[in-house]
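# Close look at the chain arrangement
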Amino acid sequence: MSDDAFDRFERDVHDRLAPSYRDLFEPVTALAVEGLLDAAGVRPGGRHGDLACGSGIVALGALERGAEVEAFDLSPGMLAILHGRAPEIQVASASVERLPVEDRHFDTLTMSFGIGHLSAPDAAIAEARRVLKPGGRIALSWWSGPDENRVNGLFVDLIEELALTAPPDLLPPGPPIFRFADRKALVGLLDEAGFEDICLESLGFRHVVPAAADWWDIGQGAFARVSAILGAQSDAARERVRALFLERAETYRTGDGISIPIKFHLVSGSVSEADEGAA
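So, a few notes on the structure that sits alongside this text. Chains are numbered independently. Their residues run from 1 in the order of the written sequence. Selection of residues for local features in this predicted model requires a pLDDT of at least 70, selection of side-chain atom pairs for listing and counting requires 80 or more, and totals for whole chains, interfaces and linings are taken over all residues. Computation of side-chain values covers all heavy atoms of the structure but excludes hydrogens and water.

### Observations regarding the overall build of the protein chain
Our working definition: Helix and strand assignments follow DSSP, with helices taken as H or I runs no shorter than four residues and strands as E runs no shorter than two, numbered in order from the N terminus. Only C-alpha atoms enter the radius of gyration, while the globule expectation follows 2.2 Å times N to the 0.38, with N the number of residues. Buried, partly exposed and exposed residues are distinguished by accessible area as a fraction of the type maximum, computed with a 1.4 Å probe on protein chains only: under 20%, between the cut-offs, and over 50%, respectively. Using a 1.4 Å probe, the Shrake-Rupley method yields the accessible areas, and only the shown protein chains count as cover for residues.
The helix and strand tally for the protein chain stands at 10 helices and 8 strands. Relative to the 2.2 N^0.38 estimate, which gives 19 Å for 279 residues, the radius of gyration of the protein chain is 18 Å and therefore close to what a compact globule would have. Each of the three principal axes of the protein chain carries a C-alpha extent, and together these read 60 × 40 × 40 Å. Expressed as a percentage of the 279 residues in the protein chain, the buried residues total 55%. As displayed, the protein chain offers around 11700 Å² of accessible surface, 50% of which is attributable to carbon and sulfur atoms.

### Quick word on unusual backbone geometry
One non-glycine residue, Ala52, lies in the positive phi region at around 50°. For Ala52, the position within the fold is in the loop between β1 (47–51) and α3 (57–64). Positive phi outside glycine occurs at Ala163, with the angle close to 55°. Mapped onto the elements, Ala163 comes out in the loop between α6 (150–161) and α7 (183–192). Judged by its relative accessible area of 59%, Ala163 falls in the exposed class.

### Brief notes about the packing of aromatic side chains
Selection criterion: To pair, rings of Phe, Tyr and Trp, with the six-membered ring standing in for Trp, must have centres within 6.5 Å; the planes then decide the type, stacked if under 30 degrees apart, edge-to-face if over 60, and tilted in the middle.
The tally for this structure, following the rule as stated, stands at 15 aromatic pairs. Pairing Trp215 with Phe245 gives two aromatic rings, centres 5.4 Å apart and planes at 80°, and the pair type is edge-to-face. Taken as a pair, Trp215 in helix α8 (residues 212–222) and Phe245 in helix α10 (residues 235–249) lie far apart in primary sequence, 30 residues in all. Just as Trp215 is buried, Phe245 falls in that class too. The rings of Tyr21, Phe25, Phe113, Trp143, Phe155, Phe205, Trp215, Trp216, Phe223, Phe245, Tyr252 and Phe264 are connected pair by pair, giving a single aromatic cluster.

### Some details on the pairing of strand β8 (residues 257–270)
Formally: Only when DSSP finds a minimum of two bridges between them are two strands counted as paired.
Burial within β8 is extensive, with 13 of its 14 residues counted as buried. Where strand β5 (residues 132–143) lies against β8, 7 bridges are found, and the strand directions are antiparallel. Along β8, the bridge assignment pairs Ala139 with Ser268. Where strand β6 (residues 196–209) meets β8, 12 bridges bridge the pair, whose relative direction is antiparallel.

### A look at the pattern of salt bridges
Quick reminder of the rule: Salt bridges are counted wherever a side-chain nitrogen of Lys or Arg sits within 4 Å of a carboxyl oxygen of Asp or Glu.
Considering all chains together, one arrives at 19 salt bridges under this definition. For the salt bridge of Arg85 with Glu26, the shortest nitrogen-to-oxygen distance reads 2.8 Å. Taken as a pair, Arg85 in helix α4 (residues 76–85) and Glu26 in helix α1 (residues 4–29) lie far apart in primary sequence, 59 residues in all. On the basis of relative accessibility, which here comes to 35%, the residue Arg85 falls in the partly exposed class. With a closest N to O distance of 2.7 Å, Glu161 and Arg248 form a salt bridge. Remark: Arg248 occurs in helix α10 and Glu161 occurs in helix α6; sequence separation between them is 87 residues.

### Observations concerning the nonpolar core
Nonpolar side chains tend toward joint burial in soluble globular proteins. Heads up, the condition is: Here, the term nonpolar core denotes a set of buried Ala, Val, Leu, Ile, Met, Phe, Trp, Tyr and Cys residues that are joined through side-chain atoms within 4.5 Å. Here, residues are in contact when the closest pair of their heavy atoms is within 4.5 Å.
Judged by nonpolar contacts, the single largest core of 88 residues is most densely connected at Phe25, Ile115, Ile125, Ile138, Leu140, Trp215 and Phe245. Not counting residues within four places of it along the chain, the set of residues in contact with Ile125 comprises Ile115, Ile138, Leu140, Leu189, Leu190, Ala193 and Phe195.

### Remarks on the side chain of Gln233
Counted only if it meets this: What qualifies as a polar contact is a pair of N or O atoms within 3.5 Å, subject to a donor-acceptor requirement within protein and to the restriction that residues adjacent in sequence count only when both atoms come from side chains.
Within the secondary structure layout, Gln233 lies in the loop between α9 (224–231) and α10. According to the relative accessible area criterion, Gln233 is buried, its value standing at 17%. At 3.0 Å, the side chain of Gln233 forms a polar contact with the backbone oxygen of Thr165. In this view, Gln233 contacts Leu164, Thr165 and Arg238; residues no more than four positions away in its chain are not counted.

As structure tokens, this is what we get:
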């Protein structure tokens, strides 16, 4: 069952952060695009749905492959960015738990780094199965744990170490952010919804930014919960957190800049060819 307060938080904060998310964080999420499209089997002429599409980097990739693309997100701001980039992509402001399409509508689906933002991920995956044709395939990605995926892990470390919080009116209680960092949990999500031929791989990259301050800007400009918690601090307290963050970020400096370790999981599964109804 979804949590309306948390869903509103996710919609509103991503609406506010949409331009900075595109500019600062899309280069990181782009690392998953080709793997997602390959794992889902996106093909020319296929009908593809991109769930929790954000600023649209995966939807654009599916369009480049010749698919007929529809994209869904709670945030009108994110959808406006995608529509401005590719008006031929159909966009709809909708919860991925209640998609405004008929059963067996899509050949393929993707969800790039969206599953951990959902208050009811099980319902969303059941809905994905409903709208996929028999033989259709879904692929989704989520971050590895904070020790391996440092782009958000360094922020998580400091928030926990300094016991930083935000009041419920700014950050309603939400699902554990690293629930699906557990590979078994991610596979189980598809398995319990009735998907078959489930495959999972973990991918590691490095994302280089010129300075530690650029990494700080990613957190403030793209991470929903992190930005809410940092925004709840006084100016002086936030500056102390920033100084400590920059000090620790410098330990990742290489000759090219600050080299941030990125790791995520990519899982995919199919609806049986013999499927006779929605999940």
